[in-house]
Structures are given as structure tokens and as C-alpha cells.
Amino acid sequence: MTDLAWPVLRQLFGPDKTGRGVAAASKRSQSLLARTATADKVVKSVCPYCGVGCGQSVYVKDGEVVQIEGDPDSAVSRGRLCPKGSATLQLTTGEARLHGVLYRPPYSSEWESLDLDTAMDMIADRVIATRRETFEWEHEGERTRRTMGIAHLGGATLDNEENYLIKKLWTALGIVQIENQARVCHSSTVAGLGTSFGRGGATTCMQDLQNSDCIVVEGSNFAEAHPVGFQWVMEARARGAKLIHVDPHYSRTSALADLFVPIRAGTDIAFLGGVINFAIEHDKWFHDYVVRYTNAATIIEEDFVDTEDLAGMFSGYNVDERKYDFQTWQYEAGGMNAPSGSRAAGTVQHADGSDDDAESADDADGSGRVNERSSDAVRSAGRAESHGSGGAAISSTDPERDETLQHPRCVFQILRRHYSRYTPEMVERVCGTPQDVFLEACRLITDNSGRDRTTSFAYAVGWTQHTVGAQYIRAACVLQLLLGNIGRPGGGIQALRGHASIQGSSDIPTLFNLLPGYLAMPHAEEHHNLDEFVEADAHDKGFWANMRSYMVSLLKAWWGPNATVDNDFCFDYLPRLTGDHSTYQTVVDQIEGRCKGYFVMGENPAVGSANTRMQRLGMANLDWLVVRDFSLIETATWWKDGPEIDTGELVTGDIRTEVFFMPAASHTEKDGTFTNTNRLLQWHHAAKEPDGDARSELWFMYHLGRRIREKLAGSTDPMDTPLLDLTWDYPVEGSHDEPSADCVLAEINGFDAEGEPLSAYTELKEDGSTACGCWIYCGVYADGVNQAARREPWRNQNWLGGKWGWAWPADRRILYNRASADPDGKPWSDRKALVWWDQDAGKWDGHDVPDFVPDKSPDYEPDDDAEGPDGLAGDDPFIMQADGKGWLYVPSGLLDGPLPTHYEPQESPVDNALYRQQSSPSRKLTKHRDNQFSPSGSQPGAEVYPYVLTTYRLTEHFTAGGMSRWQPYLAELQPELFCEVSPELAQERGLEHNGWVTVISARYAIEARVHVTDRMSPLLVDGKVVHQVGMPFHWGPNGYAKGDAVNELVAMAMDPNVHIQEDKALLVDVQPGRRPRGPALLELVDAHRRRAGVTVETGHQI
Amino acid sequence: MAADLGVEGATHDPAAVSGWLEHPPRMGFFTDTSVCIGCKACEVACKEWNHVPEDGLNLTGMSFDNTVGLGADSWRHVAFVERPETGNDEGFRWLMSSDVCKHCTEAACLDVCPTGAIFRTEFGSVVVQDDICNGCGYCVPACPYGVLDKREDDGRIFKCTLCYDRLAVGQEPACAKACPTDSIQFGPLDELRERAQGKLEQLVEAGYGDARLYGESPDDGVGGAGAFFLLLDEPEVYGLPPDPVVTTRQLGEMWRCAGLAAAALVAAVGGAFVGARR
């Protein structure tokens, strides 16, 4: 560049005779410097949106965040970000965030400003008062030591450390109604995967998808909801893999697929059952894998009767009580049956690959998990989710097996018969999937499975959110086990979770039914003391034999020196369950006045939960509500501008609920870990302190707890003892007295009697000498080092990225990886090698941390009386299962059947073509005037709601919109709610493209813009044309991009195992034009119900 | 990089022609639409980095495209094309493609800019300098792709800079960095062209008969684009001009003709006077 000042001189005397290059460069152009280059520091972080867990680099200049972009070192994301991740700067520094506390006094029509200190004090007072008022020492004669007057919602957007403090403080206060997004998104995943394999998390990691030969995306809009994770799908495709997308709606995922398979929403079990039938009938299953690694050979009780013979029910159904007795589903006891000490009972877990004394589990006695004797109160307590890290019990410790698979009552033969009518013809009749397309999918899946090839499945809430959600997941588990695709590179089941730490908020559960690490929350009927709790849930040997150690260590983490052998380690301090206390039951309790105080943190139930109207009606009946979020989401403002104000159902001046809005800190303003969808904990560092009165949940919980403890100091009321005895002394730092997240993580990891950090949960003791806040996270702080903060660039390590972050359990990236080797310990093929037995070294070796006892040889056979880890053989790869096997058939652990069976959704346009039984006889329905159901199939009135509605995500938005509708860069990309319909339906109903449509369910009616597209197409289902309509669910009346909330339409119809709602298939009517305003809206809904003959009883038949 | 500044060299090394004696290799974008998932991360990353304003909530009904086109406030634009297709089971296909300024080798906007606001950088990219631009708008009709656009409330012209500031410190443009599937690739243009050729051959072999490169040829109407594309269908399908020609291509010829005409006129008039004296 020349020094001449005038461009014209530069042109005349410089090299640029054109005057359009170097001569034309302005002073500013010459001095431009990227703000990424001038930043004072770059802080490593993790994207706060979906569960992929993309790495972020946060650039800070003069104490302010000036840029956020992808961290190129990340083993998960390789520096890439989706539009939401790319909008994180606007999310965290944009004008939409509030930084002051707002307060709405009872009956007031406006917010008032409140200083933070006063607000905290007022909230502490309300917690104390409501708790005093509602404390319940006993329920129906059983000690409960709890309050049902206060509830909590939210956690999946928060850090593990925050979830930990939430669970710890609320539990000490006796609050049990603690829930988060995991309930409504993936609770059925934990039940489905956990009962099949022994752990409730995705079996693989995102990066390993690149090794797949075929990827089936079903029940997921992968490319749109997890775009950066989808790079690994594209990587596989570039290597020649086939991509199949099975979905009711042709999305951006479908556009990239080799094969798009249309399906009627709510029929995936029929589809997967069809693939299972195809694999068996065409002998495409992986024989050696199935015989040795699954329970295919296990013999089932003689009294078991399958759905084939009972018109769609399994044996044991009690019509009056609407529940199953599981006795007949059990394994048939073998000659060596014993309550303990037999090999079949053992399960083995190993933490760090260095300790031979791995634990093993024995669920021999039927366990304290749900068994056939369990009462309704126990059954409804969500126990299926407690298999998140430890499979279900089996009644027989030494079941009979027939490895020829010929015995008519062996699992394989039962399975074969169960799915024998799931033929391509039947799949077409039920799913509307053309046979040729179905068969092409079957061929691609089965041709790409076996010794040398692997197929993986990726799913999300398209599978989980059904009345048979857990069974959807189970169907994929059955298929993947049959094809030998679990525990192997390029195989597995990828559960795609949709929040930054929704896996973490399941592991460290802000969930009513769980304690950290999938220990069950004690139940009033069963668990009167620690011995009973352990006796009911643990076993004589194996992994769960040490369950007392995990429980005692948790109690030590919470109550420290106050927890002693003599006082049962304060077990009595834990409040007790007496049934279903999930979020949907809490809403009913709010409406009925039992629940009076409500904390909502980073969740927006007024838009995001099913039957949003009931959510608001519940909140309108509270004494007080605390909402913590970035902006004024619908959950914070329904009292002044919610839909019920417009319809006249609620009048602001009559609503007594006191509302506190507390501005939250963003992920860039706090330290902590997110656990991504593949069990990977990643630490994000604070880049700055939050401005104004915005604070982290860690700060809120810690200081609220501190204040309440100070107010109650000296209390001798036994109600307050658990709170006052609680360990609650975290060091604070910075100008806001922020508690140290690092110290909380250290407590989660655990420490020994000397206060030294533990390295693996094998070190946990039952004598009270160790403390550990979440046993499955033990090791995340091994050697006193924050292992979750490890950031070894992906280029420097193998594809699994094992030195990036820390994954539970024991830093394993692909679970059950012993199954990647044959029974002799050799990889099934060189192409699919992962771990193998090194005979010379006498240990397992490989690319991943072996998910097995490190030195247990493949030919190890346990003695008949072998105990502990020795109880499992050297070729039992599912070390968290009671028999070491992957479960094709689940004899216990689920309430609604041992084998996935096609039932129609609660609301369906057709009768069940497979069985006389229409819907799952075990489904859970909320009977309430505001939660009515349409008739189904051939029932009279069903024609009033003729169309199937399914909902989904768009790339440009995030869940209930709280982190996207307020961001202009995202809002402008998808500014309005729309309803996708086929040209045929548009014609049938007179819908005009880009015009308006009113969508009406038996609950409510909403409006949306019409999007007529070939991507929606009618299906021919059993001779009947079925139209499906698709709607993204991100909108609500607040924010920059506004619209009606689709969840207004959705009912509380649930999976009985985990209480997840059926979002993905329901019935609606569509009519051209906008919806009525005011009371006329309710009249429209009522008129439809009257025409259809809907009453509160409709849909409640078995 | 060719030091020869002959005609051929000029076409291939626009930076050198523009006086950048020692300059890095010409950098550009290769947008492989066959792996685009239409996520629009490029649009957002661009806006975040360059502080491009949000430009309104407008549901267009044009598939998932609510951006509509490139403009002063949209420097990346993802087109969504739903069209009938007989070759597959669904009977249609959904194409997605992220469009951007082409950073032409022969850039008409640069040719017509009277203020020197638009300049050719050492990376071969074409950048509007907002401290010089006076908003005259000559460049707007000059662009054969309709990229240049005036920000109405500002008066000046804005478009993709290929993240000139980031390039200067060795960082790739924000859109390419964000792109989840590497549909947008950034690098030395020579390498990108080679890579694109290989990808095209793969696709053709895989049966994508309509796949083609767009803007990669130095022989095209703009001397080759610095940002070129792999398309799965004809350019018109994506809203791209099929055969763009630099609008100033005939400029020299036109001036020559005009000059000749003027000379002829002068000669004729002069001749008339000569004749009159006679």
C-alpha cells in the first residue's frame, strides 16, 4: 500500500492504474480489525440451545461480550453453529433481556419494579409461610414429611450445578413436585432405553454417526432440530451411507434423505414391528449376536399370553383396575434359581477401567422397583424412569434358556409370533406407508446390518411424546438388538434431546420421581427407612449391591456430618412420594387449590406444555408465582394479557396470584456444566458477570436457601431440621457473591473422609466415609481436576473425542461396547472394530473406554454361586442388566407390556387394524372438563375432528420460543405460526395459501397462516384417505414474533410409565379464516364438542 | 499466483491488476447446495458479525424463504425451492441454496462506481467501503445478479464483504464458519474449483444428471465468480440468472463507437465547412 494520501495520486504513482484496488482502499478499510482479533479474552463455552452441545468461543472486550461463534476445537461441533447458536450474541446481549425484578401484587393490573434484595426476602417469606401452611407429615397413614403446597418447573436449560442446588434445597424443604422439561420431552426415553439396555441415555455419540452405513431418522426432524449434529449424518452420507427419513411430514431432514418414508403420525410401532417381522422372516437378524448378547433364548413363564391371543392385551390385565399384573410376564425360573448368587442375577458396572472390584447388580428379588404387587400409588410414581442407570429386576435369578431358540416360550419365538402379522400389507393398512417404500426401507436397514455393516437410529420427541412413548423407544431397541447394532461403531440408538442440559436435568433430576443418578425418590408405602429403601431397591450382589453406598454418599453430600449411622444417615429427612406428582398432576392440583406456590425457571409452560390453557388456569389459582427467565414470557404475563383475559374467563382484577419476575443470567454469565444429548458434560466458563439484577439460578437458589435458613435459624420444629442440617456453605465470589459452581461440581463428584475428590464411583462407601452428590457423575472431578472442562481439539484424537469433556458413565462414549467384539473378544469385523480382548495383556483394549470389567476374559464363566461382578460371564455385554443381556422382551420394569405393540393414539382417525384393543389399555388420562377428548375411529362424532395434527420444530426457533421469538435475527426468519396442509386438504376445506386457518381440537381453537405444500400428502389408511396437518409449536402471544400456541390444542393423555403427553398425534378440524375473538372462541370449541357428542367421559374407555 | 498481468492473467488475478503486488491467493466461496439443509445459520452469522439490521417480519408463503432475496440487509439468502419432480417417490423435490454476492472477476459494480467506494481487495473480493459510499446507486443496476442494494434509512449501499475484516486476521467469513454441513466452503478459489469439480463428478455418477457448477468458469460472462455454486438444477430454478454478463463488458466498445461517431461527426461538419469555402 502506498503512503500517498490522495487516491488519485495513489492511482497515478502507485501500482494500481485502474484506481479500483489498492489505490481506492479507504483509511477505514486499511485499518479494519476484526473484533475477534482485538478481544481481550476468548472464553470457552457451550451453546445454550439444543442438546447437541456445540462448542462456543465467547469474545470479550472491555468486560463486554462482543462476539460469540463456534469453537473450532470442539469434538462435537467442529466450530459450526446453527442459526440459533449463531444468534447467541443477540440472545445474551440483545435488548430483549430484562435486568430488573418485576412484581405484580395480587389483583393488580400492572407490574411494579422491585429491588432484588426485597424480592428475595419476600420470596423467602412466602416459601416459609406456604410450607408451614401446607406441610404434611402423613398421607393416608404413611409418613411423608413434605409439602404439596409448592411446586417447581424447569431445569433443562440450566446447569447441572443449578439443578443440583434446586433438587437439594427443595427436597430439604419437603417439596416433591419438582419437574422440568425432561418430563415432557424424553422421560419415555429413560424408561425405554433403560429397560432394554440398562441405561437410559443415548447409546452412542454424535460423532460416531459418521461410521454408519445406514441412518434411520424416525420420530425426529434431525436436520432442523439438531442441525449441527446433522453434520455427522452428512459425513456418513459422504462416505456412502444411506439416509432414511420416516416421518408424517416432509421436512428439511427429508429433503436430504435418500429415502423419504411417509407414515401416519402415531403408528411407528406398527412400522418398526413390520421391520422386525421382515428381519425375522427374511432371516436378516444377526444370529450369533442375538443368541449370546440378548435375552432371545430366555424362556418365559408358562402362563404368559401374548396380544395375539387376547385381542391386543397381554395376560394379567385387570379390567376393573385398568392395570397389569406382571406375574405372567416373568422369566421362567431355572433349576438353579436362588435369591442371590447365581450368574443370571449379576450385572457388572465398572467405572474407570482400572479397578477389578467392579460392582455387580442383582435384581433377583423383584426389587423395590415396580412389581406385580405394587399398589397404584407406587405404580403411578414414575418408577420406570429409575432404570436410567441400572436395568429392571427379574424375578428369577437363573432363568431357563434355550440357545437353539426353538422353545415355543423362548423370547425369540414369542417375539416372532408377536410381530408375525406386522406384514408389509399390514404396515400399509396401519401406517399408510406404501408397501414398496416400506420394503425398500427394510432392505436398506437389514442389508446395512450384520458383521461388517451397521445401521443407527436417531429419534426425538416424535417417538417419545405418545401414550405409548416408552414402547416406541423399545421397538427400536428390539430391532437394533436383533440386527446386532448396539454397542458397535456406526450403530446404536441416538436419542436426540432438545435442551442444552436436559440429559443433565434427568441425571441430576429436577424430577419428582428421582434422586441423583436415577436412585428412586423414596415412596411412603415402601421406604420407611434406609434399610427398607436399600432392601427394596438393591440386591445381594452385583452393581446394585452397592446401591447403599450411592444412597449413603448422597445423604452425606446433603447432610454432611449430621448424617450418621445412628440416624439412618438422615434418610428420614427425605420427603416421600405417594403417587403421581408429575407436572400435569401438579397443574390439576393447582386448579383444585392444593398447590399454592410455583417456581418456574427457564421453562414456559403457558406455551410449551400440553393443554396450555389448563397451565394458565392452574397459575391463576396460585398464591404466588416466581418466574425466572430472560424476557417476559407468557408464563409471566398471562394474568394481564393471556388468552383467558380475552375470552373473559379470567379478569385481571380478580386474580390474586402474586407474580415475581426475576431476570436470569445467561450461560455466558456463569460457570457450570451442561450435559449434552450423548451424556457428555461440558464446562462453560463465565465471560462476565450478569448486569443489573440478573442472576444465575445458582445464585438464586443458594441465596434463597441462605435467607430461609437464616430466618428459621434456631427453630426447633422438626419440620425445619432437614433444612437447618443441610450442607449449604458454598464459597461465593465476585461482586454478586456468586456461589462457586466449581465447588458444587466437586460436591456432585464426591469426596472422601479427608475431603479429597473421588475418582470413580467404585470408591463410594456405605459407612458414611464418602460423600457424592450424583454417583454416576463421580469421576468428573477426578484428581481434583474439572474433567468436564477438558478441551483437547478433535484433530488431535480419535473420532470419539474422548479427551473432550467427560461422559458418564466412566467417560465411555459408546455404551455396551463389549458387544462390538464377538463372544471370543475379537471385533466382529475389522471395519467395525471398537474394543477387543488383548490376550497378551490380559485386558480389554480399544478406541473407547471399555464398558466392561477391564480384565474379565471373554471365556470367563461364573460359578453357580459367583457373586458380584463375577456373576456375569465374559460375554455378557449389557453390564447394567440383571442378566447381562440386551432385552428384546422386558419381563419387568414397564407398566404397559413386555413387547411393543401397536395401539392407536388416544385420538385417532381410524380403528386399530391389528387388534380389537384400540388404544393402550394402560394409558393415563387426565379426566377434567378442560381436558376432553374427541371420539376416535368409527365412534360417532369422530368425523367432527377428521384430521391428524402433528407438531414439530423449525430450525429457526427454539421450543416454546423464549429464546428465539424475542431475537429479531431469528424472528424474521420464521415470523409467524403456520399450518402445513396438502393441496388436497386445502381444496377440501377451502384453505387459501398464506391465508388464515382455524384449527380446532376438543380442547381449544387457534389460528395460523395456511401453508399449502406438496410436502404434506394425504395417506391411504385401510381404504380411508387420512389428511395430516403439521404445525411448528414455537409461538405464543408475547415476544417479537407472535402467534397462537399450538399446545392449546393438545391434551393431557399420557404414557403410564413416565407421564409424558401425547403431542405428536391428535385429532383436529380445520376451517378457513381467523378464529373468533372474545367469548366466541370458547363457543366455537363448545359447538364442535357438542356436534361430536364429546363429554368428559369420551375417550376414557379401556 | 501469476505475476504476468497479460489479459489471461488479469482474468485470473484480479487483485494483481488492481495493484496488489504482493497479495494472498484469491479467496472465495464454494456453496455446495447438495448438502445445504436450509438452516439459515449463514444468514444469522452474517448479520451478527456485520451488524446487519433485522429487516422486518414478513411471512411470504414462499416455502420457508422469508428473506426473499439478497439486499442491503440480507447479505446471505437461503432460497427454498419446492418443485415437481418425476424421478422420485414423492413426486417433488425441495432444493435449498444459500446465495451471496459473487465477487465477480469482472465486477460491473466496481467498474461503474464513481466515488471509489467499491474496491477490489487483496483477496480478490469486491467490497463497498461505507466510509466512501455516497449512495449514488450506479452500482445497483450494474450488478447482473441484483446483489447491490441501498439501505433505505441509511442511503448507502451494502453487500457481502467476504468478511474483509476477518480475512485480514486469517479468519474465515462468518457464514462459512457457521455452516453446519460445510455447504458453504471458503478457501483459495483455485482449490475450491478443483474440489467442486470432484464433487460434481461424484454427484453425476450418483445419478444427479442435472447437477452443475455455476459461476466457477473463468470463461463466463463475469470472468468467473469468486463465489460459485454447485446446483442440482438449472440456475433459473434457484432464481439465478442463467447466463450473467458483466454489464460493463461492452463499455469499451461503446466508447469506441461513440468516439468514432463523434470523430465522424466532426469530420463531416469540418468537411461541410471545407466544401462551403469552395
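All values derive from a computational prediction rather than experimental measurement. (Residues numbered from 1 in each chain as written. Chains lettered and ligands numbered in written order. Predicted model: local features only at pLDDT ≥ 70, side-chain atom pairs only at ≥ 80, totals over all residues.)

A. Spatial organisation of the overall build of chain B. For chain B, the helix and strand inventory stands at 9 helices and 10 strands. Here the C-alpha coordinates of chain B stretch approximately 85 × 45 × 40 Å along the principal axes. Taking all 278 residues of chain B together, 47% fall into the buried category. In chain B, the proportion of contacts linking residues at least 24 apart, taken out of those at least 6 apart, comes to 59%. (Helix = DSSP H or I, 4+ residues; strand = E, 2+ residues; numbered from the N terminus. Buried ≥ 20, exposed ≤ 12 C-beta atoms within 10 Å, placed from the backbone. Contact = placed C-beta atoms within 7 Å.)

B. Representation of the overall build of chain A. The helix and strand tally for chain A stands at 34 helices and 39 strands. Taken over C-alpha atoms, the radius of gyration comes to 28 Å for chain A, in line with the 32 Å a tight globule of 1102 residues would show. Its C-alpha atoms give chain A principal-axis dimensions of about 95 × 75 × 75 Å. Sequence separation of 24 or more characterises 75% of the internal contacts of chain A that already satisfy a separation of 6 or more. (Rg over C-alpha atoms; globule rule 2.2 N^0.38 Å.)

C. Region of the structure containing the environment of A:Gln503. Residue and element names in this part refer to chain A. For Gln503, the location among the structural elements is in the loop between β17 (493-495) and α21 (504-507). The exposure class of Gln503 is buried, given the 32 C-beta atoms found within 10 Å. For the pair Gln503 and Gly801, spaced 298 residues apart in the sequence, the C-alpha separation amounts to 19 Å.

D. Just the interface of chain A and chain B, in detail. Taken together, the 62 residues of chain A in the interface contact 51 residues of chain B. Ranked by the residues each element gives to the side of chain A that touches chain B, the list is headed by helix α32 (residues 968-971) of chain A, at 4 residues. Looking at the side of chain A that touches chain B residue by residue, the classes come out as 32 nonpolar, 18 polar and 12 charged. (Nonpolar A, V, L, I, M, F, W, Y, C, P; charged D, E, K, R; others polar.)

E. Geometry of the packing of helix α7 (residues 160-173) of chain A against helix α29 (residues 697-712) of chain A. Residue and element names in this part refer to chain A. Closest axis-to-axis distance for the α7/α29 pair is 8 Å, and the angle between their directions is 25 degrees. Taken together, the axes of α7 and α29 lie roughly parallel to each other. With respect to the hand of their crossing, α7 and α29 are arranged in left-handed fashion. Contacts from Glu161, Glu162, Leu165, Ile166 and Leu169 of α7 reach α29 at Glu697, Leu698, Met701, Tyr702 and Gly705. Along the lines of polarity and charge, the residues of the contact of α7 with α29 split into 6 nonpolar, 1 polar and 3 charged. (Axes fitted to C-alpha atoms, helices over the stretch in contact; angles between N-to-C directions. Parallel < 35°, antiparallel > 145°, perpendicular 65-115°, else oblique. Left-handed = near helix turned anticlockwise from the far one by under 90°.)

F. Main features of the packing of helix α17 (residues 424-431) of chain A against helix α18 (residues 435-447) of chain A. Residue and element names in this part refer to chain A. Look at α17 against α18: their axes get within 9 Å of each other, and the N-to-C directions meet at 120 degrees. As the angle between them shows, α17 and α18 are arranged oblique. Read as a crossing pair, α17 and α18 show a hand that is right-handed. Residue-level contacts link Pro424, Glu425, Val427 and Glu428 of α17 to Gln435, Phe438 and Leu439 of α18. For the contact of α17 with α18, the per-class residue count stands at 4 nonpolar, 1 polar and 2 charged.

G. Expanded view of the nonpolar core. Formed by 414 residues in total, the largest nonpolar core has its most connected members in A:Val999, A:Val1068 and B:Cys109. It is helix α20 (residues 469-482) of chain A that contributes the most residues to this core, 10 residues altogether. Once residues lying within four places of it in the same chain are set aside, the contact partners of A:Val999 are A:Leu949, A:Cys979, A:Ala1005, A:Ile1006, A:Ala1008, A:Leu1049, A:Val1068 and A:Val1070. A:Val58, A:Leu89, A:Ala686 and A:Ala687 belong to the second-largest nonpolar core, a separate cluster that totals 7 residues. (Core = buried A, V, L, I, M, F, W, Y, C linked by C-beta atoms within 7 Å.)

H. Inspection of the sheet that holds strand β9 (residues 212-214) of chain B at higher detail. Residues and elements named next belong to chain B. If you walk across this open sheet you meet the 4 strands as β8-β1-β10-β9, and the pairing is mixed. The open sheet has two edge strands, β8 (184-188) and β9, and neither has a second partner. Each strand axis lies, on average, 20 degrees off the axis of its neighbour in the sheet, ignoring direction. Relative to β8, strand β1 (residues 27-32) runs antiparallel, the two sharing 5 bridges. Bridge pairing in β8 places Phe30 opposite Gln185. (Pairing = 2+ DSSP bridges.)

I. Up close: helix α3 (residues 41-50) of chain B. Residue and element names in this part refer to chain B. Within α3, 9 of the 10 residues are buried, leaving the element largely enclosed by the surrounding structure. Those residues of α3 that sit buried are Ala41, Cys42, Glu43, Val44, Ala45, Cys46, Lys47, Glu48 and Trp49. Where α3 ends, the next residue or the one after it, His51, has phi of about 55 degrees, a positive value.

J. Main features of the sheet that holds strand β3 (residues 64-70) of chain A. All names here are of chain A. Strand order in the open sheet made by the 3 strands is β1-β2-β3, with antiparallel pairing throughout. Both outer strands of the open sheet, β1 (41-46) and β3, are each paired with one neighbouring strand and no more. For this sheet, the mean angle separating the axes of adjacent strands, direction not counted, is 30 degrees. Both strand β2 (residues 55-61) and β3 contribute to a ladder of 6 bridges, which runs antiparallel.

K. Seen up close, the confidence of the model for chain B. Residues and elements named next belong to chain B. Confidence in the prediction for chain B averages 92 pLDDT; 94% of positions are at 70 or higher. Taken together, the stretch residues 1-10 has pLDDT below 50 and engages in 11 contacts with residues farther than four places along the chain or on a different chain. In the predicted complex, the global pTM is 0.95; the interface-specific ipTM is 0.95. (pLDDT = per-residue confidence, 0-100.)

L. Summary view of α20(A). Taking 1.5 Å per residue, 14 residues should reach 20 Å; α20(A) reaches 21 Å between its end C-alpha atoms and fits that length. When you tally the buried positions in α20(A), you get 14 out of 14 residues, the bulk of the element. (Expected span 1.5 Å × (residues − 1).)

M. Highlighting the confidence of the model for chain A. Within chain A, residue pLDDT values average 94, and 95% of them lie at 70 or more. Contacts from residues 335-369 of chain A, a stretch scored under 50 in pLDDT, to residues over four places away or in other chains number 164 contacts.

N. Molecular detail of unusual backbone geometry. Residue and element names in this part refer to chain A. For the bond running from Trp808 to Pro809, omega is -5 degrees, close enough to zero to count as cis. Mapped onto the fold, Pro809 is located in the loop between β27 (806-807) and β28 (835-838). We note that Cys570 has phi near 65 degrees; this positive angle belongs to a residue other than glycine. Residue position: Cys570 is located in the loop between α23 (547-559) and α24 (583-591). With phi around 70 degrees, Asn994 is a residue other than glycine that occupies positive phi space. You can call Asn994 partly exposed: it has 14 C-beta atoms within 10 Å.

O. Just the environment of A:Pro227, in detail. One can find A:Pro227 in the loop between α10 (222-225) and α11 (230-238). Here the alpha-carbon distance between A:Pro227 and A:Pro643, two residues 416 residues apart in the chain, equals 33 Å. Once residues within four sequence positions are removed from consideration, A:Pro227 is found in contact with A:Cys82, A:Thr955, B:Ile37, B:Cys39, B:Ala41 and B:Pro180.

P. Quick look at the environment of A:Asp859. Residue and element names in this part refer to chain A. You can see Asp859 is positioned in the loop between β29 (843-846) and β30 (924-925). For Asp859, a count of 12 C-beta atoms within 10 Å corresponds to the exposed category. Asp859 sits 14 residues away from Ala873 along the chain, and the two C-alpha atoms are 7.5 Å apart.

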